[in-house]
Amino acid sequence: MFKKTALVAGIGLAISATAQADYRWEAGGAITGGDVSSLGVDGTFYLDRVDDTKGPLGEADFIDRASSISLGYTDGETDSDDTPDLDISRFAADSRLVFGDGGWIVDLGYEYGEPELADGPNPLDTEVTVASIGFGKYLFENTTLSVSYIYTDVEVDVDGGSTFEGDVDSYRADVDHLFQWGDGAGLKVHAAYGFVDVENNDDIDIYEIDGTWYICRDLGIGAAYRLTDDDGLELEEYGVSAEYFITEQVAVTVSYFEGEIDDADLETDSFLVGVRARF
């Protein structure tokens, strides 16, 4: 009940914002349900004001080549019949810096989480840290290519004094392109390939493709597909989403995702309802 009340209050405050043609800040909140229930909040500060008059409102920062710094926090829990339930808290910090007329890009990211067993004794004290760095460029006016390195460190302290620590290196490449036509309509396409470098084993390959059709400047409808291939064991994930700007400063988002491991009786699903405001 508290989560729903907080989201509704956020929408009301956001709608009361004064209309303007550009923005410097963006703040949002989201509720998820299904196999993962959570409440998340985030905020973004843009180093320069973002002009939102050049195309779909959902792509204003991409079109305007905006540099930004973002912070986010999520608190939630898993709810699955197939695995132990976990309490999950996650803090994230990200930045994108775009340099000069050449459109060179530097991405930096950091995440920290502490998953814990939701019920019963918790003999494990787990910390997960993720750090990433990426470089890219605007190849054309609305086309970017970037490559990234992701370092993941997991540390587990067990009651009794023993400690397990492991780390994983991952790499990925992303391509984004926005097709535009009149009245703010367009099509945003994203594709990515990545792999996780597993010591003494085959790499885990990850393929992603998604697109958002902007019917008009205010409304975007999206679909996404992701395949994770671990030496023949495949996890397929599908998703649909929609975002509508009630005003130029306030948007509501809904999405639904489901996943399935090939040749195994294991399925997941989740939905999201969110709101974001610009000022």
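Quick caveat, the model's predicted, so the values are computed rather than measured. (Residues numbered from 1 in each chain as written. Predicted model: local features only at pLDDT ≥ 70, side-chain atom pairs only at ≥ 80, totals over all residues. Heavy atoms only, no water.)

Q: I'm lost on the overall build of the protein in this one. Help?
A: On a plain count of helices and strands, the protein comes out with 2 helices and 15 strands. Carbon and sulfur atoms provide 59% of the accessible area of the protein, an area that totals close to 15,600 Å². (Helix = DSSP H or I, 4+ residues; strand = E, 2+ residues; numbered from the N terminus. Areas by Shrake-Rupley, 256 points an atom, 1.4 Å probe, with all protein chains shown as cover.)

Q: Would you mind showing me how to read the nonpolar core here?
A: Across soluble globular proteins, nonpolar side chains show a tendency to be buried alongside one another. One finds Phe 62, Ile 63, Val 98, Ile 105, Tyr 138 and Leu 178 forming the largest nonpolar core, which totals 6 residues. Dropping the residues within four chain positions of it, Ile 105 is found in contact with Arg 96, Leu 97, Val 98, Gly 134, Phe 135, Gly 136, Lys 137, Tyr 138 and Thr 144. Tyr 46, Val 50, Ala 60 and Ala 66 belong to the second-largest nonpolar core, a separate cluster that totals 5 residues. (Core = buried A, V, L, I, M, F, W, Y, C linked by side-chain atoms within 4.5 Å. Buried < 20%, exposed > 50% of the residue type's maximum accessible area, 1.4 Å probe, protein only. Contact = heavy atoms within 4.5 Å.)

Q: Explain the layout of surface pockets to me, please; I cannot follow it from the model alone.
A: One water molecule sets the probe size; rolling that probe over the atoms shows where empty space is left. The space that makes up the second largest pocket amounts to roughly 230 Å³. In this structure, the second largest pocket is lined by Ile 150, Thr 152, Ser 170, Tyr 171, Arg 172, Gly 194, Phe 195, Val 196, Ile 206 and Arg 226. Going through the elements one at a time, strand S8 (143-158), strand S9 (163-180) and strand S10 (186-197) are the ones with two or more residues in the lining of the second largest pocket. Tallied by class, residues from the lining of the second largest pocket come to 5 nonpolar, 3 polar and 2 charged. (1 Å grid on protein atoms, 1.4 Å probe; cavity = no way out; pocket = protein on both sides within 12 Å on 5 of 7 lines; lining within 4 Å. Points joined across faces, edges and corners; volume = space filled by probe spheres on them. Nonpolar A, V, L, I, M, F, W, Y, C, P; charged D, E, K, R; others polar.)

Q: Can you walk me through the side chain of Ser 255 in this structure?
A: Following the sequence through the fold, Ser 255 ends up in strand S14 (residues 250-261). Filtering out sequence-adjacent residues up to four positions away, Ser 255 remains in contact with Val 240, Ser 241, Ser 270, Phe 271 and Leu 272.

Q: How should I be thinking about a negative patch on the surface in this particular structure?
A: Taken together, the side chains of Glu 165, Asp 167, Asp 197, Glu 199, Asp 202, Asp 203, Asp 230 and Asp 231 make up a negatively charged region of the molecular surface. Following the sequence through the fold, Asp 202 ends up in the loop between S10 and strand S11 (204-216). Asp 202 gets classed as partly exposed once you look at its relative accessible area, which sits at 43%. (Patch = residues over 30% accessible without salt bridge, like charges linked within 9 Å, V, L, I, M, F, W, Y side chains within 5 Å. Salt bridge = Lys/Arg side-chain N within 4 Å of Asp/Glu carboxyl O. Lys, Arg positive; Asp, Glu negative; His and termini not counted. Charge placed at Lys NZ, Arg CZ, Asp CG, Glu CD.)

Q: I'm lost on the environment of Trp 25 in this one. Help?
A: Residue placement: Trp 25 occurs in strand S1 (residues 22-34). Distance in space between the C-alpha atoms of Trp 25 and Arg 49 is 8.4 Å, their sequence separation being 24 residues. Filtering out sequence-adjacent residues up to four positions away, Trp 25 remains in contact with Thr 44, Phe 45, Ala 277, Arg 278 and Phe 279.

Q: Please clarify how the pattern of salt bridges should be interpreted in this entry.
A: Two side chains with opposite charge may pair up if their charged atoms get near one another. Scanning all chains against the criterion turns up 14 salt bridges. Two residues, Asp 64 and Lys 54, come together in a salt bridge whose shortest N-O distance is 2.5 Å. Taken together, the residues Asp 64 in the loop between helix H2 (60-63) and strand S3 (68-78) and Lys 54 in the loop between strand S2 (36-51) and H2 connect sequence positions 10 residues apart. Linking Asp 107 and Arg 96 is a salt bridge whose minimum nitrogen-to-oxygen distance equals 2.8 Å. Within this pair, whereas Asp 107 is found in strand S5 (residues 104-113), its partner Arg 96 is found in strand S4 (residues 86-99), the two being separated by 11 residues in sequence. Judged by relative accessible area, which is 25%, Arg 96 ranks as partly exposed. One salt-bridge network, held together by shared partners, links Arg 172, Asp 174, Glu 208, Arg 226 and Glu 237.

Q: For this particular structure, what's the right way to read the pairing of S4?
A: The side chains of a regular strand alternate, first on one face of the sheet and then on the other. Both S3 and S4 contribute to a ladder of 10 bridges, which runs antiparallel. In the sheet register, Tyr 73 faces S4, and the bridge partner there is Phe 91. Across 10 bridges, the pairing between S4 and S5 is antiparallel. Of the residues in S5, the one forming a bridge with Val 98 is Ile 105. Joining the antiparallel neighbours S4 and S5 is a turn of 4 residues, in which Gly 100 adopts a positive phi near 60 degrees. (Pairing = 2+ DSSP bridges.)

Q: How do you make sense of the pairing of S11 when you look at a structure like this?
A: Bridge count for S10 against S11 is 11 bridges, and the pairing is antiparallel. Note on S11: the bridge partner recorded for Lys 188 is Thr 212. A loop of 6 residues connects S10 with S11, the two strands running antiparallel in sequence, and Asn 200 in this loop sits at a positive phi of about 60 degrees. As paired strands, S11 and strand S12 (residues 219-230) are joined by 12 bridges and run antiparallel to one another. If you follow Thr 212 over to S12, its bridge partner there is Gly 222. Once S11 ends, the chain turns through 2 residues before running back antiparallel as S12.

Q: Is there a simple way to explain the confidence of the model for the protein in this structure?
A: For any part of a model where pLDDT is low, the fine detail of the predicted coordinates should not be relied upon. Overall, the predicted model of the protein reaches an average pLDDT of 87, with 85% of residues at or above 70. Low pLDDT (under 50) marks residues 1-19, which in the prediction has 18 contacts with non-local residues, meaning those over four places away or in another chain. (pLDDT = per-residue confidence, 0-100.)

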